[in-house]
Amino acid sequence: MALIDQVRSEMMAALKERNTEKKEALSALLSALKAKAIDKRSDLTEEEEIAVVQREVKQLKETMDTAPAGYEEVVESCKHKIEYYSVYLPKQMDEAEIKAVIKSVLESLSLQTPTAKDKGIIMKNLMPLTKGKADGKLVNEILSGFFAE
């Protein structure tokens, strides 16, 4: 079942349960998925659907971070939406899993003591392995710990 169909069916279930908060959150996600499909002029792949959900979550986090003091309702609404959307995202890698992937990439590139000059080639090989499964900032931070001074 495509993600867009899954979101649609869960939105309908929320509507039947009279859970307006969940229904509105899933409706917004469904709109984003449909908009992307219309822009592409064909059905979305699983990776594209996940990218749309990740973009929505990222925007919600930015909204939470930039919300002025006294706008607790906005922050709470964003938290609930993120909670509803995270169901559709793949499990995120933890630090140990990211370190293991980095080590395997370093081994495949035959780099025992990488330097900052090697970062470009390492990231080129590393990011396809972690895309959608780990936050890029976290991967970059962990990778920085591997560099020789």
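Since the model is a prediction, treat every value here as computed from it, not as a measurement.

Parameters and conventions
Residues numbered from 1 in each chain as written. Predicted model: local features only at pLDDT ≥ 70, side-chain atom pairs only at ≥ 80, totals over all residues. Heavy atoms only, no water. Core = buried A, V, L, I, M, F, W, Y, C linked by side-chain atoms within 4.5 Å. Buried < 20%, exposed > 50% of the residue type's maximum accessible area, 1.4 Å probe, protein only. Helix = DSSP H or I, 4+ residues; strand = E, 2+ residues; numbered from the N terminus. Contact = heavy atoms within 4.5 Å. Axes fitted to C-alpha atoms, helices over the stretch in contact; angles between N-to-C directions. Parallel < 35°, antiparallel > 145°, perpendicular 65-115°, else oblique. Left-handed = near helix turned anticlockwise from the far one by under 90°. Nonpolar A, V, L, I, M, F, W, Y, C, P; charged D, E, K, R; others polar. Expected span 1.5 Å × (residues − 1). Arc of directions from axis to C-beta.

Caption draft 1: Broad picture of the nonpolar core. Membership of the largest hydrophobic core comes to 23 residues, with the highest contact counts inside it found for V7, L29, L33, V53, V57, Y85 and Y88. Contributions of two or more residues to this core are made by helix 1 (3–16), helix 2 (20–40), helix 3 (46–66) and helix 4 (72–85). When residues in this core are grouped by element, the largest group, seven residues, is from helix 2. Every residue in contact with Y88, bar those within four places of it in the chain, is listed here: L3, Q6, V7, E10, L26, L29, I50 and V53. Counting 14 residues, the second largest nonpolar core, distinct from the first, contains I98, I122, I142 and F147.

Caption draft 2: Quick look at unusual backbone geometry. Positive phi, normally seen in glycine, also occurs at R18, with a value near 65°. With respect to the helices and strands, R18 occurs in the loop between helix 1 and helix 2. At S110, a residue that is not glycine, the phi angle is positive and equals roughly 55°. Summarising the element assignment, S110 is placed in the loop between helix 5 (95–108) and helix 6 (119–130).

Caption draft 3: Structural detail: the packing of helix 1 against helix 2. Contact geometry for helix 1 and helix 2: axes closest at 9 Å, N-to-C directions at 155°. If you check the angle between helix 1 and helix 2, you find them roughly antiparallel. Considering the relative orientation of helix 1 and helix 2, their crossing is left-handed. Facing I4, V7, R8, E10, M11, A14 and L15 of helix 1, the residues of helix 2 in contact are K22, K23, L26, S27, L29, L30, L33 and K34.

Caption draft 4: Summary view of the packing of helix 6 against helix 7 (residues 136–144). Orientation of helix 6 relative to helix 7, taken along the N-to-C sense of each, is 135°, at an axis distance of 11 Å. It follows from the interaxial angle that helix 6 and helix 7 lie oblique. You can see that helix 6 and helix 7 cross each other, and the crossing is right-handed. Between helix 6 and helix 7, the contacting residues are K119, I122, M123, L126, M127 and T130 on the first element and G136, V139, N140, L143 and S144 on the second. Per-class residue counts for the contact of helix 6 with helix 7 are six nonpolar, four polar and one charged.

Caption draft 5: The arrangement of helix 1 in detail. Taking 1.5 Å of rise per residue, 14 residues should cover 20 Å, and helix 1 covers 20 Å from first to last C-alpha, within 8% of that figure. For helix 1, the complete set of buried residues consists of L3, I4, V7, M11 and A14. Along the long axis of helix 1, the arc covered by the buried residues comes to 100°, so they all point the same way. In this fold, the buried residues of helix 1 make contact with helix 2 and helix 3. Directly beyond the C-terminal end of helix 1, a positive phi value near 65° is found at R18.

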